[in-house]
Amino acid sequence: MGSVEGTPDVVAGLELDRTSPVPLYRQVARYLEQGIASGRLPPGTRLDNEVALADSLGLSRPTLRQAMRYLVEKGLIVRRRGAGTRVGQPLVLPAPEPTSSFDELVRADQDPVTRVLSLDVGPVDPEIARALAIPEGMDAVTVVRLRSAGSAPIARLTNWLRVGLLELGTEELERTGLYALIRSSGIVLHSAKQVIGARAATESEADLLDEQVGGVLLTMERTSYDRYGTPVEFGRHVYVAGRYSFEMSLLTP
């Protein structure tokens, strides 16, 4: 970082993707958020020269201001009269409730579109049974969906749930997110365990996701639990790497 506080040095290295469905203000906010989390932008760093920051990124001032407002709302930066806008002291907060890609897209001002590819009830393999903590050979609900944003497909989502946990229908699943339906049934999602990776797209995945065969897909396996530690759902998803990225909150003990 340069010697002059509040200069565009705080966004040095940021390359905006103007073709991405992620809004520009979110790209800026995410970069600054990562800088704060990594310590590159320590507490007290000034961020109030919005004109210079906007100009250095080729953005309008309202767009840059929206990024700053997003960080203020998350408690990462503070604005005080006479002191300007600065990186705040980190807070240790309770672990956030697990969210879904639908939640993230809505929060990013995208309009997620979902198409249910299948909704079935039947026996699941031993790995899925173990993830749901049900006996082998027992039935489970399997939901496969295609999620799109900005008219482009971004993910194939496959979820398994215990039978009788809640009523699921194609219309509801295409109107809102699975987690929203789980919450509306009175189930509190308390925690989740997930594994993120990457691999090449198969021919069927490439056709479904409008991607090249062998293109990079992000993968995620997640088991979500209620407040009692009982598995609620197990998901196995693939995302087009060039159209979606994961955002996670990490808390320091």
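Fair warning: this is a prediction, and the values are worked out from it, not measured in the lab.

*Asks:* Whenever I open this one, helix α3 (residues 61-73) confuses me. Can you help?
*Replies:* Quick reminder: α-helices carry 3.6 residues per turn. Residues three or four places apart thus point the same way. For α3, which comprises 13 residues, the first-to-last C-alpha distance of 18 Å matches the rise-based estimate of 18 Å (1.5 Å per residue) to within 8%. For α3, every residue scored as buried is listed here: Thr63, Leu64, Ala67, Met68, Tyr70 and Leu71. On an axial view of α3, the arc spanned by its buried residues comes to 155°, and they lie on one face. The outward face of α3, more than 90 degrees from its buried face, is lined by the exposed residues Pro62 and Glu73. Residues of α3 that are buried make contact with α1 (24-38), α2 (50-57) and β1 (77-80).

*Asks:* What is the right way to look at the sheet that holds strand β6 (residues 189-200) in this model?
*Replies:* Strand pairing in a sheet relies on backbone hydrogen bonds. The paired strands run either parallel or antiparallel. Strand order in the open sheet made by the six strands is β3-β4-β5-β8-β7-β6, with antiparallel pairing throughout. For this open sheet the edge positions go to β3 (113-123) and β6, each flanked by a neighbour on one side alone. This sheet shows a mean twist of 15° between the axes of neighbouring strands, independent of strand direction. Two elements, strand β5 (residues 152-162) and strand β8 (residues 231-240), share seven bridges in a ladder whose sense is antiparallel. For Trp160, the partnering residue across the bridge sits in β8 and is Phe234.

*Asks:* Is there a simple way to explain unusual backbone geometry in this structure?
*Replies:* Negative phi values dominate among residues other than glycine, just as trans dominates among peptide bonds. Positive phi outside glycine occurs at Ala133, with the angle close to 60°. Structurally, Ala133 is set in the loop between α5 (126-132) and β4 (139-149). The phi angle at Asp210 is positive, at roughly 55°, despite the residue not being glycine. Relative to the elements of secondary structure, Asp210 occurs in the loop between α8 (203-209) and β7 (216-226). Using a relative accessible area of 56% as the deciding quantity, one classes Asp210 as exposed.

Thresholds, definitions, all that
- Residues numbered from 1 in each chain as written.
- Predicted model: local features only at pLDDT ≥ 70, side-chain atom pairs only at ≥ 80, totals over all residues.
- Heavy atoms only, no water.
- Helix = DSSP H or I, 4+ residues; strand = E, 2+ residues; numbered from the N terminus.
- Expected span 1.5 Å × (residues − 1).
- Buried < 20%, exposed > 50% of the residue type's maximum accessible area, 1.4 Å probe, protein only.
- Arc of directions from axis to C-beta.
- Contact = heavy atoms within 4.5 Å.
- Pairing = 2+ DSSP bridges.
- Axes fitted to C-alpha atoms, helices over the stretch in contact; angles between N-to-C directions.

Purely geometric stuff here, so don't read any function into it on its own.
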